[in-house]
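Spelled out from the first residue to the last, the chains are:
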Amino acid sequence: MAKLALINKQKEREVLAKKYAKKFEAVKIKKTDTPEARMEKMKKAADLPRNANKTRLHNRCAITGRSRGYVGQFGLCRQQVRTLASEGKLPGVRKSSW
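Residues numbered from 1 in each chain as written. Predicted model: local features only at pLDDT ≥ 70, side-chain atom pairs only at ≥ 80, totals over all residues. Heavy atoms only, no water.

Visitor: Teacher, can you tell me more about the pattern of salt bridges here?
Guide: Side-chain pairs of opposite charge can arise whenever the charged atoms involved come near each other. Under the defined criterion, the tally for this structure stands at three salt bridges. Between Lys28 and Glu25 there is a salt bridge, with the nearest N and O atoms lying 3.6 Å from each other. We classify Lys28 as partly exposed; its relative accessible area is 41%. Classification of Glu25 by relative accessible area gives partly exposed; the value is 48%. Between Lys89 and Glu87 there is a salt bridge whose closest N-O contact spans 3.2 Å. (Salt bridge = Lys/Arg side-chain N within 4 Å of Asp/Glu carboxyl O. Buried < 20%, exposed > 50% of the residue type's maximum accessible area, 1.4 Å probe, protein only.)

Below you can see the structure in the form of structure tokens.
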């Protein structure tokens with residue numbers, strides 16, 4: 001199980017990313033921007049909180065909070081996918097045998 005502090009930090013980042021999404025979209029640099037406009041956008045982006053950027057978000061297991069081995073199809077880590085699949089609790093998943 002991941003540390004509770006890491007899980008809580010991730011949740012705070014999700015809230016911030018949602019709150020500042022429009023502001024980050026406004027300061028996104030485009031290829032057609034002039035150098036002056038780029039500098040202005042970079043200065044505005046620097047004023048925004050770092051944890052509000054969506055690139056800082058990381059996928060985490062819904063059960064354990066583990067960040068590694070994340071299987072996006074289920075929203076779980078690989079250990080939980082295996083455990084729940086073996087117990088028959090994941091619909092549409094069967095243990096392979098040949």
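There is more to say, and it comes next.
Visitor: Mind showing me how you'd approach the layout of surface pockets here?
Guide: Vacant regions in the atomic arrangement are exposed by a probe of water-molecule size rolled over the atoms. Approximately 230 Å³ is the volume found for the largest pocket. Ranked by the residues each element gives to the lining of the largest pocket, the list is headed by helix α2 (residues 21-26), at three residues. Across the lining of the largest pocket, the residue classes break down as six nonpolar, two polar and three charged. Estimates place the volume of the second largest pocket at around 160 Å³. If you trace the second largest pocket, you find 13 residues lining it, with Gln10, Glu14, Arg60, Cys61 and Ala62 closest to the centre. Here the lining of the second largest pocket gets four residues from one element, more than from any other, and that element is helix α1 (residues 4-19). Each residue belonging to the lining of the second largest pocket can be placed in one class, and the counts come to five nonpolar, five polar and three charged. (1 Å grid on protein atoms, 1.4 Å probe; cavity = no way out; pocket = protein on both sides within 12 Å on 5 of 7 lines; lining within 4 Å. Points joined across faces, edges and corners; volume = space filled by probe spheres on them. Helix = DSSP H or I, 4+ residues; strand = E, 2+ residues; numbered from the N terminus. Nonpolar A, V, L, I, M, F, W, Y, C, P; charged D, E, K, R; others polar.)

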